[in-house]
Amino acid sequence: MRIDILTVVPELLTSPLGESILKRAQEKGLVEIVIHNIRDYTFDRHRQVDDYPFGGEAGMVMKPEPIFRCVEDLQSQRHYDEIIYTSPDGITYDQHEANRLSTLENIIILCGHYKGIDHRVREHLITREISIGDYVLTGGELAAAIIADSVIRVIPGAIGDEASALTDSFQDNLLAPPVYTRPADFRGWKVPDVLLSGNPKEIARWQEEQALERTARLRPDLLADD
Ligand code: ADE
């Protein structure tokens, strides 16, 4: 899979996407992440990526030309399955969308900034708008990092334990059961006996019950979901 991210602040993305599991996934060849500075697609002396909005409201708007230039340059090299714009107006991001995106070959994520982008970009270039929640960020970079992270971690082989991406919270619309490590007794707080029993069937049943109980108590909306 290849993920191209378009931004005016590449520094916000290099570190979150260049460490740990995401770094290893790239080294293993499971994903290629390419970050593009939209400013590199300007032709004017000031490398201007934004301008005042028509209508005279406050704030700056991202100009269409450098964005179209960058996307069309990428599209001349390969087909893109989805061109995503990160915005609070978009569909609310969830695990189902992360799973779906992880099956695609090539995607572009355009990070919004300033007051927004010229609406013609949204009308004629963007195929999907995604919000990571009902709050407003200063820019779309952190949202893009979250999307890329959650997509990459469900690509088979990205995390060490093949089974674990499929058993996390939200896969199957269930929260994950509690986990414990050594010591078995910490300050008198004991690990549930069943986990020390060595009986895989009993352990699996306990984990399932816990997942259901925690979901019903903490996120009943997930059980109502399809
Ligand atoms: N940009 C600003 N706020 C955002 C949000 N909630 N989700 C995605 N992109 C955003």
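See the structure above.
Rules and cut-offs
- All residue numbers here refer to positions counted from 1 along the written sequence of the relevant chain.
- In view of the model being predicted, local features appear only for residues whose pLDDT reaches at least 70, and side-chain atom pairs are presented and counted only at 80 or more, with totals across whole chains, interfaces and linings using the full set of residues.
- Values reported for side chains reflect all heavy atoms of the structure, with hydrogen atoms and water molecules removed beforehand.
- Strand pairing follows a simple DSSP-based rule, namely that at least 2 bridges must link the two strands.
- Secondary structure is summarised from DSSP: a helix means a run of H or I of at least four residues, a strand means a run of E of at least two, and numbering begins at the N terminus for each.
- Every axis in this analysis is a line fitted to C-alpha atoms, fitted for helices over the stretch in contact. Angles between the N-to-C directions lie between 0 and 180 degrees.
- Three exposure classes are used, based on accessible area relative to the maximum for each residue type with a 1.4 Å probe and protein chains only: buried under 20%, partly exposed in between, and exposed over 50%.
- Any carboxyl oxygen of Asp or Glu within 4 Å of a side-chain nitrogen of Lys or Arg constitutes a salt bridge here.
- The rule is short: rings of Phe, Tyr and Trp, with Trp giving its six-membered ring, pair when the centres are within 6.5 Å, and they are stacked under 30 degrees, edge-to-face over 60, tilted in between.
- Criterion for a charge above a ring: Lys NZ or Arg CZ within 6 Å of the ring centre, and within 35 degrees of the ring normal.
- Near residues are defined by distance, with any heavy atom within 4 Å of the molecule or strand qualifying the residue.
- Two N or O atoms count as a polar contact when they lie within 3.5 Å, although within protein this holds only if one can serve as hydrogen donor and the other as acceptor, and sequence-adjacent residues are included solely when both atoms are side-chain atoms.
- Note on areas: Shrake-Rupley, 1.4 Å probe, and residue coverage restricted to the protein chains presented here.
- Under the scheme applied here, ten amino acids are nonpolar (Ala, Val, Leu, Ile, Met, Phe, Trp, Tyr, Cys and Pro), four are charged (Asp, Glu, Lys and Arg), and all others, including Gly, are polar.

1. Digging into the sheet that holds strand β5 (residues 82-92)
- Spatially, β2-β1-β6-β5-β8 is the arrangement adopted by the 5 strands of the open sheet, whose pairing is parallel. If you trace the sheet from one side to the other, it starts and ends with β2 (32-37) and β8 (128-131), each paired once. Strand after strand, the sheet turns through a mean of 30 degrees between neighbouring axes, direction not considered.

2. Focus: unusual backbone geometry
- Look at the link from R182 to P183: it is a cis peptide, with omega at 5 degrees.
- Here the phi dihedral of S20 falls at roughly 55 degrees; this positive angle occurs in a residue that is not glycine.
- One non-glycine residue, N173, lies in the positive phi region at around 60 degrees.
- Among the residues examined, N173 registers a relative accessible area of 12% and is labelled buried.

3. Observations regarding the pattern of salt bridges
- This model, assessed by the stated rule, comprises 15 salt bridges.
- One salt bridge connects K63 with E65, and the closest N-O pair in it is separated by 3.8 Å.
- Judged by its relative accessible area of 38%, E65 falls in the partly exposed class.
- A salt bridge links R219 to D221; the nearest nitrogen and oxygen atoms lie 2.8 Å apart.
- Among the residues examined, D221 registers a relative accessible area of 39% and is labelled partly exposed.

4. What about the packing of aromatic side chains?
- All told, the structure shown has 1 aromatic pair when counted by the stated rule.
- A ring pair is formed by F186 and W189, whose centres lie 5.9 Å apart and whose planes are at 55 degrees; its orientation type is tilted.
- F186 gets classed as partly exposed once you look at its relative accessible area, which sits at 43%.
- Lying over the aromatic face of F43, R69 brings its terminal NZ or CZ to 4.1 Å of the ring centre.

5. Considering the site of the ligand
- In the vicinity of the ligand, the contacting residues are T86, S87, P88, I130, S131, I132, G133, Y135, V136, L137, G139 and A143.
- Between the ligand and G133, the relevant distance is 3.0 Å, taken from a nitrogen atom to a main-chain nitrogen or oxygen of the residue.
- One of the backbone nitrogen or oxygen atoms of L137 is found 3.0 Å away from a nitrogen atom of the ligand.
- Out of a free accessible area of 260 Å², the ligand has 96% covered by protein chains.
- For the shell around the ligand, the secondary-structure elements that each account for two or more residues are β5 and β8.
- Here the element with the most residues in the shell around the ligand is β5; it accounts for 3 residues.
- For the shell around the ligand, the per-class residue count stands at 7 nonpolar, 5 polar and no charged.

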